[in-house]
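Secondary and tertiary structure notes
Below are the chains, spelled out letter by letter.
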Amino acid sequence: MNTVLPDPGLPAEMAAALAARREQVAAALRHVLPSGAILSAPEDTRPYECDGLAAYRQLPMIVVLPDSEAQIVAVLGVCRELNVPVVPRGAGTGLSGGAMPIADGVVLSTARLNRIVRMDAYSRTAVVQPGVRNLAISEAAAQHRLYYAPDPSSQIACTIGGNVAENSGGVHCLKYGLTVHNVLRVRMVTIDGDVVELGGDALDAPGLDLLSVFIGSEGMLGIVTEVTVKLVPKPATARVIMASFDEVVAGCEAVAALIAAGIIPAGLEMMDQTSSRMVEPFVQAGYDTDAAAILLCEADGTAEEVEEEIARMSAVLQTAGASAIAVSQSEAERLKFWSGRKNAFPAAGRISPDYYCMDGTIPRKRLGEVLTGIARMESKYGLRCANVFHAGDGNLHPLILFNANIPDEFERAEAFGAEILALCVAVGGTITGEHGVGIEKIDSMCVQFAPSELAAFFSVKRAFDPAGLLNPDKAIPTLNRCAEFGKMRVSGGALPFAHLPRF
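I will try to describe carefully the structure that is included in this document.

Cut-offs and rules
Residues numbered from 1 in each chain as written. Predicted model: local features only at pLDDT ≥ 70, side-chain atom pairs only at ≥ 80, totals over all residues. Heavy atoms only, no water. Helix = DSSP H or I, 4+ residues; strand = E, 2+ residues; numbered from the N terminus. Rg over C-alpha atoms; globule rule 2.2 N^0.38 Å. Buried < 20%, exposed > 50% of the residue type's maximum accessible area, 1.4 Å probe, protein only. Phe/Tyr/Trp six-rings, centres within 6.5 Å; stacked < 30°, edge-to-face > 60°. Pairing = 2+ DSSP bridges. Axes fitted to C-alpha atoms, helices over the stretch in contact; angles between N-to-C directions. Contact = heavy atoms within 4.5 Å. 1 Å grid on protein atoms, 1.4 Å probe; cavity = no way out; pocket = protein on both sides within 12 Å on 5 of 7 lines; lining within 4 Å. Points joined across faces, edges and corners; volume = space filled by probe spheres on them. Nonpolar A, V, L, I, M, F, W, Y, C, P; charged D, E, K, R; others polar. Disulfide = S-S within 2.5 Å. Salt bridge = Lys/Arg side-chain N within 4 Å of Asp/Glu carboxyl O. Polar contact = N/O pair within 3.5 Å; in protein donor to acceptor, adjacent residues only side chain to side chain.

If you tally the helices and strands in the chain, you get 17 helices and 19 strands. The globule rule puts the C-alpha radius of gyration for 503 residues at 23 Å, and the 23 Å found for the chain is close to it. For the C-alpha atoms alone, the extent of the chain along its principal axes is close to 70 × 60 × 45 Å. Within the chain, the proportion of its 503 residues that are buried is 54%.

Further remarks concern the packing of aromatic side chains. Overall, the coordinates contain 7 aromatic pairs when judged by the stated rule. Ring geometry for Tyr-381 and Phe-416: centres 5.3 Å apart, planes at 15 degrees, overall stacked. Here the residue Tyr-381 occupies a position in helix 13 (residues 367-381), and Phe-416 occupies one in helix 14 (residues 409-426), the gap between them amounting to 35 residues. According to the relative accessible area criterion, Tyr-381 is buried, its value standing at 13%.

Strand order in the open sheet formed by 5 strands is 5-6-10-8-9, and the pairing between neighbours is antiparallel. Edge positions in the sheet fall to strand 5 (116-120) and strand 9 (195-199), since each of these pairs with one other strand and no more. Taking each pair of neighbouring strands and ignoring which way they run, the sheet shows an average axis angle of 10 degrees. Seen against the sheet, helix 3 (residues 69-82) touches strand 8 (183-189), strand 9 and strand 10 (223-230) and runs at an angle of roughly 50 degrees to strand 8. Each of strand 5, strand 6 (125-128) and strand 10 is contacted by helix 4 (residues 134-141), which is oriented at about 45 degrees to strand 5, the strand it contacts most.

Further remarks concern the layout of surface pockets. A volume near 750 Å³ is recorded for the second largest pocket. Ile-215, Gly-216, Ser-217, Glu-218 and Thr-432 are the residues nearest the centre of the second largest pocket, which is lined by 31 residues in total. Elements that contribute at least two residues to the lining of the second largest pocket include exactly helix 5 (160-166), helix 7 (210-214), helix 15 (444-448) and helix 16 (451-464). Per-element tally for the lining of the second largest pocket: the top contributor is helix 16, with 3 residues. Residue composition of the lining of the second largest pocket, grouped by class: 15 nonpolar, 11 polar and 5 charged.

Moving on to the pairing of strand 18 (residues 384-390). Within strand 18, 6 of the 7 residues are buried, which leaves it mostly tucked inside the rest of the structure. In this sheet, strand 18 lies alongside strand 13 (residues 267-272) in antiparallel orientation, the contact comprising 2 bridges. Across the sheet, Met-271 pairs through a bridge with Val-388, a residue of strand 18. Direction of pairing for strand 18 relative to strand 19 (residues 395-402): antiparallel, over a ladder of 7 bridges. Within strand 19, the position partnered with Phe-389 by the bridge is Leu-396. Counting the residues that bridge the hairpin from strand 18 to strand 19 gives 4 residues, and of these Gly-394 lies at a positive phi of roughly 70 degrees.

What follows concerns the environment of Asp-443. With respect to the helices, strands and loops of the structure, Asp-443 is situated in the loop between helix 14 and helix 15. By relative accessible area, Asp-443 is classed as buried at 10%. Remark: the alpha-carbon pair of Asp-443 and Pro-477, spanning 34 residues in sequence, is separated by 6.9 Å.

For the rest of this paragraph, the subject is the sheet that holds strand 2 (residues 62-64). Within a sheet, each strand pairs with its neighbour through backbone hydrogen bonds, oriented either parallel or antiparallel. Overall, mixed pairing links the 4 strands, which are arranged 1-2-4-3 in an open sheet. Taken across any chain shown, the strands that pair with only one partner, and hence form the sheet edges, are strand 1 (38-39) and strand 3 (86-89). Of the pairings in the sheet, the one linking strand 3 to strand 4 (residues 106-109) comprises 4 bridges and is parallel in character. Paired with Pro-88 across the bridge in strand 4 is Leu-108. Here helix 1 (residues 12-29) sits on the sheet and contacts strand 1, strand 2 and strand 4; the angle it forms with strand 2, its principal contact strand, is near 15 degrees. Lying over the sheet, helix 3 contacts strand 2, strand 3 and strand 4, oriented at roughly 170 degrees with respect to strand 4.

Here, disulfide denotes a covalent bond that connects the sulfur atoms of two cysteines. By the definition in use, this model includes 1 disulfide. Each sulfur in the disulfide pair Cys-446 and Cys-482 lies 2.1 Å from the other. Negative torsions about the S-S bond denote left-handed disulfides, and the value of about -85 degrees found for Cys-446 with Cys-482 makes this one left-handed. With Cys-446 in helix 15 and Cys-482 in helix 17 (residues 479-491), the pair connects residues that are 36 residues apart, well separated along the chain.

Side chains carrying opposite charge are able to pair once their charged atoms draw close together. Evaluation of the coordinates by the stated rule reveals 22 salt bridges. As a salt-bridge pair, Arg-412 and Glu-409 come within 3.7 Å of each other at their nearest N and O atoms. Placement of both Arg-412 and Glu-409 in helix 14 is noted, with a separation of 3 residues, approximately one turn of the helix. By relative accessible area, Glu-409 is classed as buried at 11%. One salt bridge connects Asp-443 with Arg-481, and the closest N-O pair in it is separated by 3.0 Å. On the criterion of sequence distance, the pair formed by Asp-443 in the loop between helix 14 and helix 15 and Arg-481 in helix 17 is long-range, its members being 38 residues apart. Using a relative accessible area of 21% as the deciding quantity, one classes Arg-481 as partly exposed. A network of salt bridges, in which partner residues are shared, links Glu-69, Arg-185, Arg-187, Glu-197 and Glu-226.

Quick look at the side chain of Ser-352 now. Structurally, the position occupied by Ser-352 is in the loop between helix 12 (344-347) and strand 16 (354-357). Engagement of the side chain of Ser-352 in a polar contact is seen with the backbone oxygen of Asp-354, the distance being 2.7 Å. Separated by 3.1 Å, the side chain of Ser-352 and the backbone oxygen of Phe-402 make a polar contact.

What is shown is where atoms sit, not what they do.
See below:
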């Protein structure tokens, strides 16, 4: 049995109480799980202390690694009996702190449920367990010339269970939709231990559409054990336009012009100059680093369809003021164009010790206005911001660059991010597009939603999880928290999460 050392950051009395609680819960879990599926020593649980939002960290009390639905039911039974909070976790690539542990809680990882149960080329569906990687579905379906369309930048590592929890998108979401548009059925376990199936194999299912409620619920309603996804035919060909613009606002107006022309590209992404100059040395994608902004516009289909759409898009972009247009001439060049966009986040490490990735969504017609506002905020907070985003559906991903070793820089980055989200709401948008709320945006929920709306969200949560054990204190702020947040905004006081361990 592992020896668990007291947490040096806690008073001795609290550390002793936590150690006793840990042993009590671990002992109960050992009755339902093999010993190798229970981690409790700090050196074993340390890798689970945060997700992709590494600014906030918390060692979990225990991590469990079940490998079957029956084991998940048993784990939830133990946690329910002992009143222990449960934080579901996929690959940990999330960027909003949705999988951040609770000090006296259990992290339930679905990483070992990683089988592709069934691949049906006739019905164009795949049944997979939650620990299957996003990209692995397309790799397995390739022999049937099919693929799974949602393609987040982390698709090489992120898992389908996490995608369901966050309603993930990707660079092709404009034409093919988010996770919610590509999932037919979810099998899940409630905190009461009931196994429930939401949706079905048909295009519609009887009763309330609880599948759409569950997708994007950030692990607060149940634990995913199986997912049926839609597969789409792999296009015969695809090509990408890289259009350069001398002004960011002109690039934003070109996005609106493309959609107004009735063109729905397979992918429509935008990067400002800071982003392209950050990415180009890292990936060598062939980006125009002299341009104030570049648009990546993809057409897919038959060779004839692609040729026609490329010509139509090129004409619209030229009319909108593009200073240069380059079109991929091979599949290798197309993939290289996309590799730059998909590697924007890791490339940030070349020019900044740390970055804070935001995620908000706005009406397309307000893109230029919001990016101009972000530029003003750079001066206000004394921090640089690289803008990469899903231009087609207005999902922004500003990367605020900072150095955590410089006093108050992270606090400024947090305030910068909160103001970006407030601006998104002010122009008719939302505080998240695909990263979820987690702990990162929980205070911004107070900006967007009225008390009556938050109460309705809590009602849904209570219907699935009356005891509030599944991923508590995430995504939905209490009314007391919103009141406290309002006081802090007025007084300029510290943010509510300032007490959490950072870096």
